[in-house]
Amino acid sequence: MSAETPAAAPGQFTHRRQQFRAWRGTRPFWAGLFVLLGGVPIMYFPYAHLQFGHLTLAMATTAGAGSLIIGVLLIVLGVSLWFQKHVRTFAGVAAILLALVSIPVSNFGGFVLGFLLSLIGGAMAVAWAPGATEQPEPAAEAAGEAPGTAPDKGDTAGFAPLPHQGTDPVSTNDLSGTSPANGANGRHSAG
């Protein structure tokens, strides 16, 4: 570390952790993680060679390519749940279907581990709903006026005047704030 290298702020780790937490809270993060982790054993086990001492156990099946495709698709769906939250319903249903297909194709769905992780993650993705965003306080309430009352602005019914109002004859034809109910819409009512 040289003298020119700026030292990290004491709260740098805390700041990054809070940023990640805020990012994670706006998307189906855990659903994506479960789907992603479910794809790993599904695509790994058909190509794995387990060794017990000098005995090698090859678990390759004739459906190895199918297992690889299912596993890669589950990983892609998991990542897409993180970065494209609007596809959560599609990705969740696709993850559930791929998990079900992995049972006969890929060693009982990656020895049931990948099947369960993908199934739970897909269900979480379908069930996830974005939280309600906090609504900022209107400026009228912050200025000390009673909530629900509009400031009296003459005939504009609570709207701020346009920059050209009052300076040219166009402002006399302004119909904003009028409605057919109060008869002030610039037309004669027939009823």
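Residues numbered from 1 in each chain as written. Predicted model: local features only at pLDDT ≥ 70, side-chain atom pairs only at ≥ 80, totals over all residues. Heavy atoms only, no water.

S.K.: How should I be thinking about the overall build of the protein in this particular structure?
M.R.: Within the protein, the secondary structure is distributed over 7 helices and 2 strands. Tracing the protein from N to C terminus, the helices and strands come up as α-α-β-β-α-α-α-α-α. Counting only residues that meet the buried cut, the protein has 26% of its 191 residues in that class. A fraction of 64% describes how many contacts in the protein between residues 6 or more apart in sequence connect residues 24 or more apart. Working note: accessible area of the protein is about 13200 Å², and carbon and sulfur atoms make up 66% of it. (Helix = DSSP H or I, 4+ residues; strand = E, 2+ residues; numbered from the N terminus. Buried < 20%, exposed > 50% of the residue type's maximum accessible area, 1.4 Å probe, protein only. Contact = heavy atoms within 4.5 Å. Areas by Shrake-Rupley, 256 points an atom, 1.4 Å probe, with all protein chains shown as cover.)

S.K.: Looking at this model, I keep getting lost on the pairing of strand β1 (residues 49–52). Mind explaining?
M.R.: Regular strands place side chains that alternate from one sheet face to the opposite one. Relative to strand β2 (residues 55–58), β1 runs antiparallel, the two sharing 4 bridges. Within the sheet, the bridge partner assigned to H49 lies in β2 and is A58. Counted along the chain from β1 to the antiparallel partner β2, the turn is 2 residues long, and its residue G53 has a positive phi close to 65°. (Pairing = 2+ DSSP bridges.)

S.K.: Explain the packing of helix α2 (residues 29–44) against helix α3 (residues 64–83) here, please?
M.R.: Two elements in contact, α2 and α3, have axes whose closest approach is 7 Å; the angle formed by their N-to-C orientations is 165°. One way to sum up the angle between α2 and α3 is to call them roughly antiparallel. Remark: the crossing between α2 and α3 carries left-handed chirality. Where α2 approaches α3, its residues F29, A31, G32, L33, V35, L36, G38, G39, V40, I42 and M43 are matched on the opposing element by S67, L68, I70, G71, V72, L74, I75, L77, G78, V79, L81 and W82. Across the contact of α2 with α3, the residue classes tally to 17 nonpolar, 6 polar and no charged. (Axes fitted to C-alpha atoms, helices over the stretch in contact; angles between N-to-C directions. Parallel < 35°, antiparallel > 145°, perpendicular 65-115°, else oblique. Left-handed = near helix turned anticlockwise from the far one by under 90°. Nonpolar A, V, L, I, M, F, W, Y, C, P; charged D, E, K, R; others polar.)

S.K.: Before we go on, may I ask you to explain the side chain of R27 in this structure?
M.R.: By the element assignment, R27 lies in the loop between α1 (12–24) and α2. Polar contacts involving the side chain of R27 include one to the main-chain carbonyl oxygen of W23, which spans 3.0 Å. When sequence neighbours within four positions are dropped, the list of residues in contact with R27 reads L81, W82, F83, K85 and W128. (Polar contact = N/O pair within 3.5 Å; in protein donor to acceptor, adjacent residues only side chain to side chain.)

S.K.: How do you make sense of the environment of L98 when you look at a structure like this?
M.R.: By secondary structure assignment, the location of L98 is in helix α4 (residues 88–105). Placed 11 residues apart in sequence, L98 and G109 show a C-alpha to C-alpha distance of 9.4 Å. Setting aside residues no more than four positions away along its own chain, L98 makes contact with I70, L73, L74 and L77.

S.K.: I keep staring at the confidence of the model for the protein and nothing clicks. Help me out?
M.R.: Should the pLDDT be low somewhere, the predicted coordinates at that spot are not to be read in detail. Scored by pLDDT, the protein has a mean of 78; 64% of the residues are at 70 or more. Within the protein, no element has a lower average pLDDT than helix α7 (residues 139–142), which sits at 57, and none a higher one than helix α6 (residues 113–127), at 95. (pLDDT = per-residue confidence, 0-100.)

S.K.: How do you make sense of the packing of aromatic side chains when you look at a structure like this?
M.R.: Each aromatic ring pair is summarised here by two numbers: the centre-to-centre distance and the angle between the ring planes. Applying the stated criterion to the full structure yields 9 aromatic pairs. Each member of the aromatic cluster is reached from another via a ring pair, and the members are F20, W23, F29, W30, W82 and F83. (Phe/Tyr/Trp six-rings, centres within 6.5 Å; stacked < 30°, edge-to-face > 60°.)

S.K.: How do you make sense of the side chain of S102 when you look at a structure like this?
M.R.: By the element assignment, S102 lies in helix α4. Discounting residues that sit within four places of it in the chain, S102 has contacts with I42, I70, F108, G109 and F115.

S.K.: Looking at this structure, I do not really get unusual backbone geometry. What am I missing?
M.R.: Negative phi characterises most residues that are not glycine, and trans characterises most peptide bonds. A positive phi is found at F111, a non-glycine position, where the angle reads about 55°. With respect to the element layout, F111 can be found in helix α5 (residues 107–111). In the Ramachandran plot, V112 falls in the positive-phi region, its phi being about 65° despite a non-glycine side chain. Within the fold, V112 resides in the loop between α5 and α6. Accessibility expressed as a relative area gives 40% for V112, which makes it partly exposed.

S.K.: Help me understand the packing of α4 against α6, please; the structure alone is not making it clear to me.
M.R.: Axis angle and axis distance: for two packed helices, these are the angle between their axes and the distance between the axes, and together they describe the pair. Axis separation between α4 and α6 bottoms out at 7 Å; the angle between their running directions is 160°. Relative to α6, the element α4 is oriented roughly antiparallel. The handedness of the crossing between α4 and α6 is left-handed. Here α4 contributes R88, T89, G92, V93, A95, I96, A99, L100, S102 and I103 to the contact with α6, which in turn contributes F115, S118, L119, G122, A123, A125 and V126. Looking at the contact of α4 with α6 residue by residue, the classes come out as 11 nonpolar, 5 polar and 1 charged.

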